[in-house]
Amino acid sequence: MEEKKRFLCGVVEGFYGRPWSMDQRKVLFQWMQNWGLNTYLYGPKDDLKHRLLWREAYSPDEEGQLRTLIAEAQSRGLRFVYALSPGQDIVFSSSSDVTLLKRKLRQVSDLGCQAFAILFDDIDHSLCQADSEAFSSFAHAQVFVTNEVYRFLGEPPVFLFCPTEYCDSLCSPSVSKSPYLQTVGEDLLPSITVVWTGSKVISRKLSLDNLAEVESVLQRPPLIWDNLHANDYDSRRLFLGPFKGREPQLRGHLSGLLLNPNCEFEANYIPLHSLGSWFRTGNDENKDDMCEYCPERALSAALRDWMEELNQPLQAGRQSAQTEQRSSAPPSRCKTADRVECPSALRGTSATARLPVFPLNSSSPPSSPKEERPGQEGEKKRLNQSGQCHQPPPGSRSGGGSRDQKGQGRGLCSGKGLLSESQVRLLVGLHYLPHEHGPSAQKLLQDLTWLKSNCHLVSTNNKKSPPQVEEWRGRASRFQSLCEDIAQLHCSVVGGANRAVLYDLYPYVWDLRNMALVAKAFVCWLDGRMLSDSSTLGSWKTCLHWCGKSTGVDVLGMESEPWVFKGGVSGEVQMLLPIGNSSELFTHPPPLFPTSRLYNIRPYHGKDKVELYRMVRQFHLRTQGGHETSTSHPDIIGDRCLGPCLALCPEYGFILEDELGVCGCVLGVLDVRSFAKRCQASWIPAMRDKYPLKSGNTQDLIQLMEEDQGEYPDSLLYHFPSQLRLDALPELVDISVSRTLLATLLTALKANGSQGVFCEVQPTDRQRLEFLTKLGFLEILRGEARSREGVVLGRLL
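Note that this is a predicted model, so its numbers are computed, not measured.

Where do I start with the overall build of the protein in this structure?
Within the protein, the secondary structure is distributed over 29 helices and 14 strands. A burial count over the protein gives 59% of its 797 residues as buried. Look at the contacts in the protein between residues 6 or more apart in sequence, and 79% of them connect residues 24 or more apart. Accessible surface, the protein as shown: approximately 31,800 Å² in total, 51% of it carbon and sulfur.

Here it is in structure tokens:
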């Protein structure tokens, strides 16, 4: 009886996605022991023998893995609960299926497991014909099988049942009137515990009134399967915030609470650490104010301990030997000893090879990003030429548009360093909770919303008073600094000592870095480059009013599930930009091997012209096999390729730079028709003066310049009134940065009224064509849009 009354508090590995490895689970068990948690439920949805192939017995090798895991949990004082999910295809009236279910659980029982769960979540309510004839309802079928198995196992002290209606929103018509729940409450044996998630699948808060109603219908206190930190429904979201919205006083109406956390193991330190604080608070006899659970205090305590973990030299996936070295850590802290490098799991291990179905020992992510992809060699050469990146020697790329003082001081992020507490707080604030943003994310979204809504203060015909302009620019400067901090955070995570944390968090910090690059450049561009309200092409009123005005958290409120609004902070920043609906521009998976390069995107300045001309000349030489055809006129290639845009519409030029200087650019033309007229009126005459017709080469060049500004068909310009040109050094191996640069220009063009943009590439320029194709800038125009034997690529905004 004492066993049955014990409050179960711990972790359920019940998410969709890649299950954790054996080594990670052993580390989890140590964390749980240190933090006072007592229960682990094994139920990963993508373990084939847990759900899809539930009938299949475990092989001898798999039995050994599972026996070891059960013993490890029990040695830590944890209750190991084995769960099975047969609901997708079980025939409840089939004696064969029921026998197989019993056999599977008996096999696990023989391995030392003493607690079990049968899960009927996320399945269809319908019954097959045989079951419809044997049972009066879906609930009766589930209850019959569950009771049968429970008795077969000898009525173990802990036996869980997850109903198909497992939260308020899934009950029909309501919790108190649901025939399904009423059948479960009346017919399920009273010693079996029912699993519940709250008012929603992912509940913002657990209500005492709600739990009292559920307890009344089920005729027993439920066990909460808590999805507060689950992130398997959105690949761009991660939740590092503290356990919150569940008062310890609720425990009087519960039999337990198990947290179903992030898929990424290393992301769960703070959630589980703070869950332990919540559980210990509920156990304290002293009920003064200092002993009440406070999420902010729990977060601070978890951060202090996690700082030690973050700066330890752990490899991806961890190893069991490391767990044993750390087993002597005191309960209040979770220290990690140094460890040696282990071979990359990409090469596989014999244990993994023997277990293709049962992922108890699934392979870990790559152990080190040091292995190189083809194409990285060129970027390394650029680094080696300079020794220290922020101090390039004479002759190297110096970056015609030098960075600001802050950017220059950073240098290249390389080696393994320490994450600062402020950076970790920034990381947590940007990946907080599904219904609530952290302080840094709130600041980011609020400032971007204000700057966008008030950009008329700094439009091209601004007539506002200087104090208003200064306020806008001051907030813009602070916003840009926050974006720079996000870029630096990405760099620090990549360069950190803890590779286990790196590989779990990298996709998320990488996604935020790319979004911050676009947002920072867009805010910088807004200053003095927005068209006036009287412009015929567009204005801030006509082009920005439809952008997102509320955050996802505001939209969700208390009534919606978090997956209604995708993308987290990155998605909300994206929706605040003028091209927020072009999601394909922002969706690019991270590279297999993380890069620690620092990049900056900013509007073009006149001093960048020399460096851009040098870059495009180098690009031209490579396509021509290294033969210089214009030694007497070194600017001739730049004048043809970039000159008209830089001279006539520099406000639509953006520069990409790294630690060595300029490494790419994108130039745009808002209105191609008017641009062509201006070229004929001013640019072409200026070129005739600069390059007198003394030789055939220059005469041919002038003729080509004139043809470049020729007429495009109306069928093209009607849908795509704007044009762009994108250039980047071939050594730039991070293709996402080029896509981010492209998105930045499209944002600026859209903000000033453009509805579409195209890019012209000659068929002979295969390198540029392949480059744009990799960026996703696909050919979507019809044949009539082709012009002068060029390949016209376009994208609707």
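Now, onward.
Can you help me understand the pairing of strand β4 (residues 115–119) in this one?
Every regular strand shows the same layout, with side chains that alternate between the two sheet faces. Counting buried residues along β4, 5 of its 5 residues qualify, which places the element largely inside the surrounding structure. By the alternation rule, side chains of β4 split into Ala115, Ala117 and Leu119 and Phe116 and Ile118, which are all buried. Bridging between strand β3 (residues 79–84) and β4 involves 4 bridges; their strand directions are parallel. Across the sheet, residue Ala83 finds its bridge partner in β4, namely Ala117. Following the backbone out of β3, through helix α4 (residues 95–110) and into the adjacent parallel β4, one traces a crossover that is right-handed.

Help me understand the packing of aromatic side chains in this model?
When we look at a pair of aromatic rings, we describe it by the centre distance and by the angle of the planes. Per the stated rule, a full pass over the model turns up 23 aromatic pairs. Residues Tyr40 and Phe80 carry aromatic rings whose centres are separated by 5.5 Å and whose planes lie at 50 degrees to one another, so their mutual orientation is tilted. With Tyr40 in strand β2 (residues 39–42) and Phe80 in strand β3, this residue pair connects regions lying 40 residues apart in the sequence. In this structure, Tyr40 and Phe80 share a single accessibility class: buried. Ring plane angle 70 degrees and centroid distance 5.3 Å describe the contact between Phe243 and Trp278, whose orientation is recorded as edge-to-face. With Phe243 in the loop between β7 (223–226) and β8 (256–259) and Trp278 in helix α9 (residues 269–283), the pair connects residues that are 35 residues apart, well separated along the chain. In this structure Phe243 comes out as buried when scored by relative accessible area, which is 0%. One residue, Arg106, lies across the ring of Phe152, its end atom 5.0 Å from the ring centre.

Explanation requested: the pattern of salt bridges in the structure shown.
Should the charged atoms of two oppositely charged side chains come close, the side chains can pair. Across all of its chains, the model carries 24 salt bridges by this definition. Arg597 is paired through a salt bridge with Asp658; the nearest N and O atoms lie 3.0 Å apart. Linking Arg597 in the loop between α21 (568–576) and β9 (600–603) with Asp658 in strand β10 (residues 653–658), this pair joins segments that are 61 residues apart in sequence. Here the two residues Arg597 and Asp658 agree in accessibility, since each one is buried. One continuous salt-bridge network, built from bridges that share partners, spans Arg55, Asp89 and Asp97.

Looking at this model, I keep getting lost on the environment of Arg55. Mind explaining?
The topology assignment puts Arg55 in the loop between β2 and α3 (60–75). Sequence separation of Arg55 and Leu100 is 45 residues, and the distance between their C-alpha atoms is 5.8 Å. In contact with Arg55, not counting residues within four places along its chain, are Asp89, Ile90, Asp97, Leu100 and Arg103. Of note is the side chain of Arg55, whose polar atom sits 2.9 Å from the side chain of Asp97.

Explain the packing of helix α6 (residues 138–152) against helix α7 (residues 179–187) here, please?
Helix packing geometry: the angle between the two helix axes and the distance between the axes. For the pair α6 and α7, interaxial distance at closest approach is 9 Å and the crossing angle is 30 degrees. Between α6 and α7, the angle falls in the class roughly parallel. Judged by the twist between their axes, the crossing of α6 over α7 is right-handed. In contact with Phe138, Ala139, His140, Gln142, Val143 and Asn147 of α6, α7 contributes Tyr180, Thr183, Val184 and Asp187. Here the residues of the contact of α6 with α7 are counted per class, giving 5 nonpolar, 4 polar and 1 charged.

Analysis parameters
- Residues numbered from 1 in each chain as written.
- Predicted model: local features only at pLDDT ≥ 70, side-chain atom pairs only at ≥ 80, totals over all residues.
- Heavy atoms only, no water.
- Helix = DSSP H or I, 4+ residues; strand = E, 2+ residues; numbered from the N terminus.
- Buried < 20%, exposed > 50% of the residue type's maximum accessible area, 1.4 Å probe, protein only.
- Contact = heavy atoms within 4.5 Å.
- Areas by Shrake-Rupley, 256 points an atom, 1.4 Å probe, with all protein chains shown as cover.
- Pairing = 2+ DSSP bridges.
- Right-handed = clockwise from strand over helix to strand, strands pointing away.
- Phe/Tyr/Trp six-rings, centres within 6.5 Å; stacked < 30°, edge-to-face > 60°.
- Lys NZ or Arg CZ within 6 Å of the ring centre and 35° of its normal.
- Salt bridge = Lys/Arg side-chain N within 4 Å of Asp/Glu carboxyl O.
- Polar contact = N/O pair within 3.5 Å; in protein donor to acceptor, adjacent residues only side chain to side chain.
- Axes fitted to C-alpha atoms, helices over the stretch in contact; angles between N-to-C directions.
- Parallel < 35°, antiparallel > 145°, perpendicular 65-115°, else oblique.
- Left-handed = near helix turned anticlockwise from the far one by under 90°.
- Nonpolar A, V, L, I, M, F, W, Y, C, P; charged D, E, K, R; others polar.

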